[in-house]
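# Inside the fold
So the chains spell out like this:
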There are 2 protein chains.
Amino acid sequence: MRIVVDAMGSDDFPVPDVAGGVLAAREMGSTIIFVGDEQRIKAELNKHNTANLKLEVVHAAEVVTMNDKPSVVVKAKPDSSMHVGMNLVKNGQADGFISAGNTGAALAIAMFRSLHRIRGVKRPALSSIVRIGGNTVILLDVGANADCKAEYLVQFAIMGEIYAHKALGLPKPRIGILSNGEEEGKGNDLIRETSGVLKTMPMNFVGNIEPREIFENHADVVVSDGFVGNILIKSLEGATSLLIQRIRTEIGKSPITMLGGALSRPAFRSIRKEIDPNEIGGAPLLGVDGVVIIGHGRSNDVAIKNCVRQAEQAAKAGLIDAIRERLGRNASED
Amino acid sequence: MRIVVDAMGSDDFPVPDVAGGVLAAREMGSTIIFVGDEQRIKAELNKHNTANLKLEVVHAAEVVTMNDKPSVVVKAKPDSSMHVGMNLVKNGQADGFISAGNTGAALAIAMFRSLHRIRGVKRPALSSIVRIGGNTVILLDVGANADCKAEYLVQFAIMGEIYAHKALGLPKPRIGILSNGEEEGKGNDLIRETSGVLKTMPMNFVGNIEPREIFENHADVVVSDGFVGNILIKSLEGATSLLIQRIRTEIGKSPITMLGGALSRPAFRSIRKEIDPNEIGGAPLLGVDGVVIIGHGRSNDVAIKNCVRQAEQAAKAGLIDAIRERLGRNASED
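Note that the structure is predicted; figures quoted are calculated from it, not measured.

### So, the pairing of strand E4 (residues 96-99) of chain A
Residues and elements named next belong to chain A.
- Alternating residues of E4 divide into Gly 96 and Ile 98 and Phe 97 and Ser 99, and every residue in both groups is buried.
- Looking at chain direction, strand E1 (residues 2-6) and E4 are connected through 3 bridges and run parallel. Looking across to E4, one finds that Val 5 is bridged to Ile 98.
- The pairing of E4 with strand E11 (residues 292-294) spans 3 bridges and is classified as parallel. Paired with Ile 98 across the two strands is Ile 293, which belongs to E11.

Written out as C-alpha cells, the structure reads:
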C-alpha cells in the first residue's frame, strides 16, 4: 500500500507528520509518500533511522494553514501539499491520502479541484469517529454540509454503513439518526423524512439516537446534517474540556485535594487516553473519489501513524469501489 | 406575590414540591398556592412547621406524568394540577406558576388550553439557564419548536433579551446565535438569515456563538431553533455525566486512586454543586401569557424554592408586559 502523508498538515508540521509516517513505514511496512517542502522534509527525515523503510518525497511549494478559507485556498494555492498529495491518489500513484491539516480546505480541494465526488454521491460528508468505553461510533456529517435534504442524509447513512462494514469490519452495522428524543416521530421535518426512507431500506436501521445514546452502544453509525453534527461534536468537546479544566482548578485549591489529585492521577490518565484524539485517529471524508483521512491538528506521531493505518484499511477493503457500487447506480439522476 | 406550585410535578412528588413551597413561603414571605391532590398535599404539609406561613391548597384530580404525551394530555387531563394551576394565573388569582413536571406537557397545556400565547408572539420558546464559572447564560429555544423560521428566532432573541434584562437584571444583555463557527457567514441558511435581521435591530447582538463559547462569557442569551438547542443541552448533559461516571469507575479501580478520590472529594463536591440542576433553578417558558417556570424532574426542595424565586422575580419585573410591549406591536400580522 502506498499512502500519501501531508507533511505540512499538523499544527507542529513537519515534525509529527514526518515522524508518524516513518513510524507507519516501520511498523506496517507501508510505502509512505511525504508531500510538502522537500528540504524541510528531508531535514526532518535525517533525524530518524530510515534504513530499509519505503519512503518517498514529493515536493509541493505551498502550505495550507489552519486559517486559510476553504473557498479561497482551492484557487489561491494550487501547489499546496494537500492539492499535490491528493492528485497522487487521483492519478493512481497512491492508495490513500492523510493530512492533519485544515479540514474545510481538504474537503474543498478534494471536492472541487482534485479527487471530486464519486459519481452518484450528491454530497460528500465529513465523519468523526468517537471511541468511548470500548465502542466505536461513526458520526456523519459533522461539518461538510450545513443545509441538507433527506436524500443527502440517506446517502450519508449508506456511506457510513459501508465504512463501518469495510474499514471497521462490522458485519451488520447499526444505523441511527441523531434526534432530540428516542421515540419515533421525534425530531424535525428533516429527521422524520429521512427516517421514513431509511426504514424502507435493506439496512439495520435502529431509528432515533439521542446524544447521550451515542455513548451507550445503541448504534455504530449516527447520521445528521453537517450543522447539527458539528454542534454535537463541539458541544461534547466543549463540555469535556470545560469539566476537566474545572476539576484541575478545584483540585488546585487546597493541599489536601492536590494530594488527592496526585494519587488519583492514574485514573485521569486512563480517561485522558480514552478521549485523546491522538488515540482515536482521523476522520474519513466520505463520498470523494479516493481515500482521504483527516487527522486532528494537534496530532502527534502516533496519531499520524493511526491515520495511515485507517487509510490502508479503507483502501485494502475497497471502500471507494463499494461506495461507487451502491450509490453509482443513481449516477444518471445526478 | 402569589405563586402557584404544582405539587404533583417532580419525580418524587409531592415531597420536594411541598417542602420547597414551604421553604419559599418561610424564606421569602411569598403566598404559595399548592395545586394537586388535596389530601396528599395536606398530609405532606403536616410534616412541616407551617405556622404563620401564607399557604393555600387548590384541589386538582389528575396528575400529568413524565410519560404523558403532550398532544394527548392537553385533552385527556383537563383537571390536571398543571392545567388547574396555570388557570389560576390566567384568571388573575396568582402571579406565576412553577412545576417540576413534564416540560412538553406544560408547554402544550400553556399554549393550547390555558394561558395561550401572548398576542404577537409567533412561537413560545423553552429556555434553559446554564450557570457555570459564575456566568449565567440563557439558551432558547431548547425544545419547543423543532422547525423554525428566522422570524421565530428573532422573537426568541427579543424574549431572551427581555428575560435577561428584567428577571436577571442585566442592563444590556449580549445576544448571540448558536453556530458552528464564530466567524460571520458560518452557520446554515437559518442562522445567516436570522443574523441578518438581528444585526439591524437595536440590541447588543454579538453574532455567532460556538458551543464552547457558551461557557466563556461571550453572550448572555444564545438563540437557536428548538431541535439544535435540544441537541446542544442533551450533548452537554451527556458528556458531563459520562465523564463523571468514567472518573468514578476509574478511581474505583485501585486502593490508591480511591484514596486520591476521597481526598479530592471537596473539589468534586464544588463542581457537582455548580452543575447541579437544583442549584441552577428552572427554565422559563417564554411567550406564553403568564409567568411559567419549569424545574427539573429531579428537583429537590431547594430547587423548587429557587423556581418560586425565579417566578417572583419575573412577575415583579413585569416580564409579561415587557414582552407584550415589544412583540405585541406585530399583533395585527399575527
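### Describing the relation of the copies chain A and chain B
- Each copy of the sequence occupies a distinct position, and chain A is placed on chain B by a rotation of 180° and an axial shift of 0.0 Å, giving an RMSD of 0.0 Å. Given the turn and translation reported, the copies of this chain are related as if by a two-fold rotation axis. Looking at the rotation axis and the C-alpha trace of chain A, the residue lying nearest is Gly 260 of chain A, at 1.9 Å.
- When the interface residues of chain A are mapped onto chain B, 100% of them again fall at the interface, so both copies present the same face.

### Some details on a positive patch on the surface
All names here are of chain A.
- Positive charge collects at one region of the surface, where Arg 248, Arg 265, Arg 269 and Arg 272 lie side by side.
- Here the element with the most residues in the positive patch is helix H10 (residues 265-275); it accounts for 3 residues.
- Structurally, Arg 248 is set in helix H8 (residues 226-251).

### Some details on the sheet that holds strand E1 (residues 2-6) of chain B
All names here are of chain B.
- Judged by pairing direction, the sheet is mixed, and its 11 strands sit side by side in the order E3-E2-E1-E4-E11-E10-E5-E6-E9-E7-E8 without closing on themselves. The sheet is open, and its two borders are formed by strand E3 (55-59) and strand E8 (204-209), each paired with just one other strand. Adjacent strand axes in the sheet meet at a mean angle of 25°, parallel and antiparallel pairs treated alike.
- Across the face of the sheet, helix H5 (residues 103-113) comes into contact with strand E5 (125-132), strand E10 (283-286) and strand E11 (292-294) while running at roughly 30° to E10.

### Describing the packing of aromatic side chains
- All told, the structure shown has 1 aromatic pair over all chains when counted by the stated rule.
- Ring centres 6.3 Å apart and planes at 10° place the aromatic pair Phe 268 of chain A and Phe 268 of chain B in the stacked group. A residue pair is termed interchain when its members come from two chains, as with Phe 268 of chain A in helix H10 and Phe 268 of chain B in helix H10 (residues 265-275).
- Looking at Phe 268 of chain A, the relative accessible area reads 16%, which means it is buried.

### Some details on the pattern of salt bridges
- Under the defined criterion, the tally for this structure stands at 36 salt bridges over all chains.
- Of the charged contacts, one joins Lys 122 of chain A and Glu 151 of chain A as a salt bridge, the two residues approaching to 3.7 Å between their closest N and O atoms. Pair noted here: Lys 122 of chain A is in the loop between helix H5 (103-112) and strand E5 (125-132) and Glu 151 of chain A is in helix H6 (residues 150-166), with a separation of 29 residues, a long-range link.
- Classification of Glu 151 of chain A by relative accessible area gives partly exposed; the value is 36%.
- With its nearest N and O atoms 3.0 Å apart, the salt bridge here joins Glu 250 of chain B to Lys 253 of chain B.
- It is possible to trace a salt-bridge network through shared partners that takes in Glu 210, Arg 212 and Glu 216 of chain A together with Lys 234 of chain B.

### Topic: the pairing of E3 of chain B
Residue and element names in this part refer to chain B.
- Two elements, strand E2 (residues 31-36) and E3, share 5 bridges in a ladder whose sense is parallel. Paired with Gly 36 across the strands is His 59, a residue of E3.
- For the crossover from E2 across helix H2 (residues 38-45) to E3, the handedness is right-handed.

### Some points on the confidence of the model for chain A
- Chain-level statistics for chain A give a pLDDT mean of 91 and a share of 96% at 70 or above.
- Predicted complex metrics record ipTM = 0.86 and pTM = 0.88.

### Here we look at the sheet that holds strand E6 (residues 135-140) of chain A
Residues and elements named next belong to chain A.
- Spatially, 11 strands are ordered E3-E2-E1-E4-E11-E10-E5-E6-E9-E7-E8 in an open sheet, and the strand pairing comes out mixed. The two strands at the open ends of the sheet, each matched to only one other strand, are strand E3 (55-59) and strand E8 (204-209). Pairwise comparison of adjacent strand axes, ignoring direction, gives a mean angle of 25° for this sheet.
- Bridging between E6 and strand E9 (residues 221-223) involves 3 bridges; their strand directions are parallel. Counterpart to Leu 140 in the pairing with E9 is Val 223.
- Strands in contact with helix H1 (residues 15-28) are E1, strand E2 (31-36) and E3; relative to E2, the strand with the most contacts, it is inclined by about 165°.

Rules behind the numbers
Residues numbered from 1 in each chain as written. Chains lettered and ligands numbered in written order. Predicted model: local features only at pLDDT ≥ 70, side-chain atom pairs only at ≥ 80, totals over all residues. Heavy atoms only, no water. Buried < 20%, exposed > 50% of the residue type's maximum accessible area, 1.4 Å probe, protein only. Helix = DSSP H or I, 4+ residues; strand = E, 2+ residues; numbered from the N terminus. Pairing = 2+ DSSP bridges. Least-squares fit on C-alpha atoms with pLDDT ≥ 70 in both. Contact = heavy atoms within 4.5 Å. Patch = residues over 30% accessible without salt bridge, like charges linked within 9 Å, V, L, I, M, F, W, Y side chains within 5 Å. Areas by Shrake-Rupley, 256 points an atom, 1.4 Å probe, with all protein chains shown as cover. Salt bridge = Lys/Arg side-chain N within 4 Å of Asp/Glu carboxyl O. Lys, Arg positive; Asp, Glu negative; His and termini not counted. Charge placed at Lys NZ, Arg CZ, Asp CG, Glu CD. Axes fitted to C-alpha atoms, helices over the stretch in contact; angles between N-to-C directions. Phe/Tyr/Trp six-rings, centres within 6.5 Å; stacked < 30°, edge-to-face > 60°. Right-handed = clockwise from strand over helix to strand, strands pointing away. pLDDT = per-residue confidence, 0-100.

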